[in-house]
Amino acid sequence: MTFRSPIFRKLLGSAFLLIATCLVALDFYLTRYLARRQVETVEQRLGVEAQILAGELGSIPRGRIEGWSSDAGARAQTRVTVIDPRGVVLADSQHDPETMENHANRPEIRQAYAGKVGTSIRHSATLNRNLCYLAMPVSFGGQPGYVLRLAVPLKDLDTEIAIVRWRIVEASMAAALVGLGIAYLFSRSFTERISRLRRFAEGLVESRPSESPLLAGDDELGALGRSLNQTAAELRGLLDRLSVESARREAILSSMVEGVLAVDSDLRVTFCNDSFARLLGRYSSIPERLPLVELVRDPGLIEMLSKVLASGQSFKQRLALPAAEGRSFEVQAAPLEAPSGPGALAILHDITDLERLERVRKDFVANVSHELRTPLTAIRGYAETLLEGALEDKDNNRRFVEIIKAHAIRLSNIASDLLVLSELESGRPPAEPERVSIRAAVLSALRTVESEARVREVTLVPGRLDDAEVKGDKVRLEQALVNLLDNAVKFNHPGGKVSVETSRTADGRARIAVADTGIGIPSGDLSRIFERFYRVDKARSREVGGTGLGLSIVKHVVDRMGGKIDVESMLGKGSTFTLRLPVA
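In this report, we go over the structure that sits alongside the text. (Residues numbered from 1 in each chain as written. Predicted model: local features only at pLDDT ≥ 70, side-chain atom pairs only at ≥ 80, totals over all residues. Heavy atoms only, no water.)

Remarks on the sheet that holds strand 15 (residues 510–516)
For the record, the criterion: Being paired, for any two strands, means DSSP has found at least two bridges between them. Strands are runs of DSSP state E lasting at least two residues, helices are runs of H or I lasting at least four, and both sets are numbered from the N terminus onward. In this description, a line fitted to the C-alpha atoms serves as the axis of each element, helices being fitted only across the stretch in contact, and the angle between N-to-C directions of two axes falls anywhere from 0 to 180 degrees. Throughout, a contact is declared for two residues whenever any of their heavy atoms are within 4.5 Å.
Strand order in this open sheet of 5 strands is 12-14-15-17-16, and the pairing throughout is mixed. Edge positions in the sheet fall to strand 12 (459–465) and strand 16 (564–570), since each has one partner strand and no second. Strand after strand, the sheet turns through a mean of 15° between neighbouring axes, direction not considered. Where strand 12 meets strand 14 (residues 497–504), 5 bridges bridge the pair, whose relative direction is parallel. By the bridge assignment for strand 14, Leu 465 is matched with Thr 502. With respect to the sheet, helix 11 (residues 438–455) is in contact with strand 12, strand 14 and strand 15, its orientation differing from that of strand 12 by roughly 170°. Taken strand by strand, helix 14 (residues 550–560) contacts strand 16 and strand 17 (574–581), and its axis lies near 145° from that of strand 16.

Thoughts on the sheet that holds strand 3 (residues 118–124)
In space, the 5 strands of this open sheet follow the order 2-1-5-4-3, with antiparallel pairing throughout. The outermost strands of the open sheet, each flanked by one partner alone, are strand 2 (89–92) and strand 3. With direction set aside, neighbouring strand axes in the sheet form an average angle of 25°. As paired elements, strand 4 (residues 129–140) and strand 5 (residues 143–153) share 9 bridges and run antiparallel to each other. Bridge pairing in strand 5 links Cys 132 to Val 152.

Observations concerning the pattern of salt bridges
We apply this condition: We define a salt bridge as a contact between a side-chain nitrogen of Lys or Arg and a carboxyl oxygen of Asp or Glu at a distance within 4 Å. In this scheme, a residue with accessible area under 20% of its type's maximum is buried, one over 50% is exposed, and one in between is partly exposed, where area comes from a 1.4 Å probe on protein chains only.
Scanning the model with the defined rule gives 15 salt bridges in all. Arg 79 is paired through a salt bridge with Asp 92; the nearest N and O atoms lie 3.0 Å apart. Taken together, the positions of Arg 79 in strand 1 (residues 79–83) and Asp 92 in strand 2 put the pair 13 residues apart, joining distant regions of the chain. Measuring nitrogen to oxygen at the nearest pair gives 3.7 Å for the salt bridge that ties Lys 316 to Glu 330. Of the two residues, Lys 316 is situated in strand 8 (residues 315–321) and Glu 330 in strand 9 (residues 327–338); the sequence distance between them amounts to 14 residues. Taking the relative accessible area as the measure of exposure, Lys 316 reaches 54% and is therefore exposed. One continuous salt-bridge network, built from bridges that share partners, spans Glu 56, Asp 71 and Arg 75.

Section: the packing of aromatic side chains
Note the threshold: The criterion for an aromatic pair is that two Phe, Tyr or Trp rings (for Trp, the six-membered ring) have centres within 6.5 Å, with stacked assigned to planes under 30 degrees apart, edge-to-face to planes over 60 apart and tilted to the rest. Here, a charge over a ring means that NZ of Lys or CZ of Arg falls within 6 Å of the ring centre while also lying within 35 degrees of the ring normal.
Under the definition given, this model contains 1 aromatic pair. On the numbers, 5.5 Å between centres and 70° between planes, the contact of Phe 140 with Tyr 146 is edge-to-face. Judged by relative accessible area, Tyr 146 falls into the buried class, the value being 6%. Above the face of the Phe 315 ring, Lys 307 is positioned so that its terminal group lies 4.7 Å from the ring centre.

Considerations on the side chain of Thr 78
Tracing the chain through its elements places Thr 78 in the loop between helix 2 (65–76) and strand 1. The exposure class assigned to Thr 78 is buried, which follows from its relative accessible area of 3%. Sequence-distant contacts of Thr 78, defined by excluding residues within four places in its chain, comprise Arg 45, Leu 46, Gly 73, Ser 93, Gln 94, Leu 150, Ala 151 and Val 152.

Describing the pairing of strand 7 (residues 269–272)
Where strand 6 (residues 259–264) lies against strand 7, 3 bridges are found, and the strand directions are antiparallel. For Leu 261, the partnering residue across the bridge sits in strand 7 and is Cys 272. Counting the residues between successive antiparallel strands, the hairpin from strand 6 to strand 7 contains 4 residues, one of them, Leu 267, with a positive phi of roughly 55°.

Thoughts on the packing of helix 12 (residues 474–490) against helix 14
Put simply, the test is: Crossing chirality is assigned from the near helix's rotation relative to the far helix, an anticlockwise turn below a right angle marking it left-handed and a clockwise turn marking it right-handed. Under the scheme applied here, ten amino acids are nonpolar (Ala, Val, Leu, Ile, Met, Phe, Trp, Tyr, Cys and Pro), four are charged (Asp, Glu, Lys and Arg), and all others, including Gly, are polar.
One way to put it is that helix 12 packs onto helix 14 with a least axis distance of 9 Å and a crossing angle of 145°. In this structure, helix 12 meets helix 14 at a crossing whose hand is left-handed. Contacts between helix 12 and helix 14 pair Arg 476, Leu 477, Gln 479, Ala 480, Asn 483, Leu 484 and Asn 487 from the former with Gly 550, Leu 551, Ile 553, Val 554 and Val 557 from the latter. Of the residues that constitute the contact of helix 12 with helix 14, the class distribution is 7 nonpolar, 4 polar and 1 charged.

Here we look at the environment of Leu 148
With respect to the helices and strands, the residue Leu 148 is situated in strand 5. On the basis of relative accessibility, which here comes to 0%, the residue Leu 148 falls in the buried class. Between the alpha carbons of Leu 148 and Val 117 there is a distance of 9.9 Å; along the sequence they are 31 residues apart. If near-sequence neighbours (up to four positions away) are discounted, Leu 148 is found in contact with Ala 50, Leu 53, Ala 54, Trp 68, Val 80, Thr 81, Val 82, Leu 134, Ala 135, Met 136 and Val 138.

The structure is reproduced here in structure tokens:
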């Protein structure tokens, strides 16, 4: 963690650069100083040697000067050269003077001609190496203007300087390691203090327990730690209150059935609860600042919110949102003041079921009125006919009474079915379910409709009847089967067949199938046959005495038992109703 810290790397890197820069500069300075001191020492030695040899040169005959230069060079361990006033080399201890060029333009020679002691460090073309030269004016043969020059190679000097330089480098490396170690310890300590302060500050923001910052030290970090520690209690209290308020708000909004939407002045989403996202079919979180037009492509809602932003007033309106699969909502929109600026808030109450129930209620009242009006009108008409003198008509009075009785029975059947539907839709918990044999229920229903089938010349064909037990109301299950079989018989042709089969499905459910060879159901009516009072063939349904409530009762009974009913039909060839019920 230490080396991953940016401030630690910066502190340690800065210390390394500072130490490296200082040591490099120091090494460079010491090396230059040492080299200069070594050269001065060599030049001082050459000067002493040159003064000694200059005293000897004055008494040396011209013919022995070459031998003397060789001997003097051996004794002084230097290269000895004698040059006349014209720059011609008279003698050289290490080279043949006849082959040497004129030395009058050499820097040290020019200085000696000027009466000074000349020094120079340069490359010798004659010996092909670097030499340190010292030249001084001397008299030879009683004549001034001659120059005695001494030279030593710099190889030994370079070797000594290199040795000392390596010792300086070694000392510098040791000093650098010690300095880096100290810098590492300081940087780590500094970084750890900052990390503790950061963790302490993050703990305050995240409302979780955090270690106290280091309060020791009189520097700025110590003062910062003490300041944070003093404000921690108050900040934690504030964050706790904010967290409680936020959690309370989130809980309230999340538990609301109504969809809640908030937008800013640019119609961008600033908040919406889960109910609003679900009604749009969005199960992932909706990002903030999303343009409303990308979320809800409904001009009604957008126009409504725009009016709220423009006028600053509240509005209430019913809308059907296509994005919500055409569901209907009562939308209440009001202006919303937020720290970031004005906005609008919309609450969507789903009234789809209320509208559907309202339509169902209206349809039910209309259907009941229509269904009751027909038999009541017939009963009233025939009763008035009898009262007006038809009682004395022996040929028709009995037929009129039978018609009145038939319509009275129809009224009784409608009332009975309505009571059953009312019970099934009341929401009251059903009686304690019992284990019911589907084979026994089917056989009981077959016996009930057997006489009706015989009258209409329809054959009942019990097929394979595998037994299974289901949980439910035995009377209601038999009534549902009777309704299915009764419809199959009534809406059949003379000589037709009605077959019944029971079995187990692949997923372990009990299956009851009722098939007939009757008139069939048009495909356009299949989705509505379970509605109350819905008839495919209204004339024939009333002719055979149907109330239009039988299939609706069947659907409710199956739903109460946790099952499912399907229908397959082909016009003119018959229908098949299949019940699938969970096994007890």
